[in-house]
Structures are given as structure tokens and as C-alpha cells.
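Residues per chain, in single letters:
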Amino acid sequence: MCHTGKNVSSVCGGWRLSRRLQPLLLAAIGCVLFSGVPATIRAAGGEKLFAKNCTICHGNDGKAQSNYAKKIGVKDLAASKATDGEIEKQVAEGKTDAEGKVKMPPFKDRLTAEEIKSLIPVVKAFRK
Ligand code: HEC
């Protein structure tokens, strides 16, 4: 294909160039896609707070499926019926079991009241 005359060879030259540029192009596309993800999370305050403070126990999907979560008895947020007020209270004050052992730590010293409120829709969004 590349040896049949001027016009074609210039096309082939272009093809060779784009072959060389291909990895660069892929890297650029990857970069755009990759940087798009954190940007979405950054836009939604509550989701970012959840990712930072809650997923370690509740998981990315809120279902608390990790071995650790099962061991300490984390509740599945997708199955939760907690009201807005209950969610707010639970996050602010945490939960202690009958023997006084902390099950979920309180967040009122780590998050502002506004931040705790912003987590309510995030917690409820796991329900279907
Ligand atoms: C150290 C692990 C841990 C972390 C971190 C944690 N939780 Fe929990 N969470 C638990 C456990 C354990 C329970 C179940 C407590 C119980 O028995 O009522 C729970 C229960 C809850 C409940 C009550 C669900 C229901 O239906 O009763 C909500 C709401 C909740 N967590 C939200 C959050 C949010 C929001 C965060 C982040 C700010 C968070 N949790 C961080 C361990 C954790």
C-alpha cells in the first residue's frame, strides 16, 4: 500500500505519524477520563465525606460486605430504615454496644453539623 505513488505514500506517512502518536493519544484520553472521576466526587461534598470517613466500614456501596465490616457488625445502609434525624444522630454520636464498646465512632468532633447533614442524602441514596 505504501509503495504505489506519491499521494498514497503521503497518506502512509500520515498513518505512520499517527501510529507514533497513538500511545500519546491514549495517554491523553486516559488522563481526561481519569481526572474526570475525582472531579465528580469533588463536586458532591457529602459523597466525598462518605468516601473519606465511612467507606472503611460501610463500603463503597454502603452494604458493608467486607470481612471487617461483618466482624464488627456494620449495618447495610441499603437496607436501613433510619430517618434523617436518626442518621444525623448516629453519625454525630456514633454507636456504643451494651458493654460500652464503640461500634461506630462519633463524628461530631471531626465533622461540622453541615457536613453531617450533607451525609444524610448520601446514606439514603444507597436504598433502592
Ligand atoms: C468504625 C466503623 C464505622 C465507621 C467509620 C462508620 N460507621 Fe456507620 N456504622 C458502623 C456500625 C458498626 C454500625 C451499626 C451500629 C448498630 O449496631 O446500630 C453503623 C451504623 C450506621 C448507621 C445506622 C444504620 C441503621 O439503619 O441503623 C448509619 C446511618 C451510619 N452508620 C452512617 C455512617 C456514616 C455516614 C459514616 C461516616 C461519617 C459512618 N457510618 C462511619 C460502623 C461504622
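What counts, and where the lines are drawn
Residues numbered from 1 in each chain as written. Predicted model: local features only at pLDDT ≥ 70, side-chain atom pairs only at ≥ 80, totals over all residues. Near = placed C-beta within 6 Å. Helix = DSSP H or I, 4+ residues; strand = E, 2+ residues; numbered from the N terminus. Nonpolar A, V, L, I, M, F, W, Y, C, P; charged D, E, K, R; others polar. Axes fitted to C-alpha atoms, helices over the stretch in contact; angles between N-to-C directions. Parallel < 35°, antiparallel > 145°, perpendicular 65-115°, else oblique. Left-handed = near helix turned anticlockwise from the far one by under 90°. Contact = placed C-beta atoms within 7 Å. pLDDT = per-residue confidence, 0-100. Core = buried A, V, L, I, M, F, W, Y, C linked by C-beta atoms within 7 Å. Buried ≥ 20, exposed ≤ 12 C-beta atoms within 10 Å, placed from the backbone. Expected span 1.5 Å × (residues − 1). Arc of directions from axis to C-beta.

What about the site of the ligand?
- Near the ligand you find 22 residues, and of these C54, C57, S80, K103 and M104 are the closest.
- For the shell around the ligand, the elements supplying multiple residues, two or more each, are helix 2 (45-53), helix 3 (55-58), helix 5 (84-93), strand 2 (102-104) and helix 6 (113-124).
- Considered class by class, the residues forming the shell around the ligand number 14 nonpolar, five polar and three charged.

Structural notes on the packing of helix 5 against helix 6
- It is at 9 Å that the axes of helix 5 and helix 6 come closest, and there the two elements cross at 120 degrees. Between helix 5 and helix 6, the angle falls in the class oblique. Between helix 5 and helix 6 lies a crossing of right-handed hand. Here D84, I87, E88, V91 and A92 of helix 5 lie close against helix 6, whose contacting residues are I116, K117, L119, I120 and V123.
- Considered class by class, the residues forming the contact of helix 5 with helix 6 number seven nonpolar, no polar and three charged.

A closer look at the confidence of the model for the protein
- Mean pLDDT over the protein works out to 81, with 66% of the residues at or above the 70 mark.
- Predicted confidence in the protein is weakest over helix 1 (residues 6-43), with a mean pLDDT of 53, and strongest over helix 5, with 98.

Quick notes on the packing of helix 2 against helix 6
- Running from amino to carboxyl end, helix 2 crosses helix 6 at an angle of 90 degrees, the nearest separation of the two axes being 8 Å. As far as their axial angle goes, helix 6 and helix 2 are roughly perpendicular. On helix 6, the residues touching G45, G46, E47, L49 and F50 of helix 2 are E115, S118, L119, P121 and V122.
- Classifying every residue of the contact of helix 2 with helix 6 by side-chain character gives five nonpolar, three polar and two charged.

Considerations on the nonpolar core
- Membership of the largest hydrophobic core is limited to nine residues, which are F50, C54, L77, I87, V91, I116, L119, V122 and V123.
- Sorting the residues of this core by element identifies helix 5 and helix 6 as the ones contributing at least two each.
- A total of four residues in this core trace back to one element, the largest contributor, which is helix 6.
- Those residues in contact with I87, other than ones at most four positions away along the chain, are A82, I120 and V123.

Here we look at the environment of N60
- Locating N60 in the fold gives a position in the loop between helix 3 and helix 4 (67-72).
- The spacing of N60 and E47 is 13 residues in sequence and 10.0 Å in space, taken between C-alpha atoms.

Remarks on unusual backbone geometry
- Unlike most non-glycine residues, A64 shows phi in positive territory, near 55 degrees.
- Residue position: A64 is located in the loop between helix 3 and helix 4.

Some thoughts on helix 6
- The end-to-end C-alpha distance of helix 6, which contains twelve residues, comes to 17 Å, matching closely the 16 Å that a straight helix rising 1.5 Å per residue would cover.
- Turning to helix 6, its buried residues number three or more, namely I116, L119, V122 and V123. Each buried residue of helix 6 lies within a common arc of 105 degrees when the element is viewed along its axis, so the set occupies one face. Exposed residues on helix 6 whose side chains face more than 90 degrees from its buried face are A113 and E114.
- Tucked into the core, helix 6 has its buried residues touching helix 2 and helix 5.

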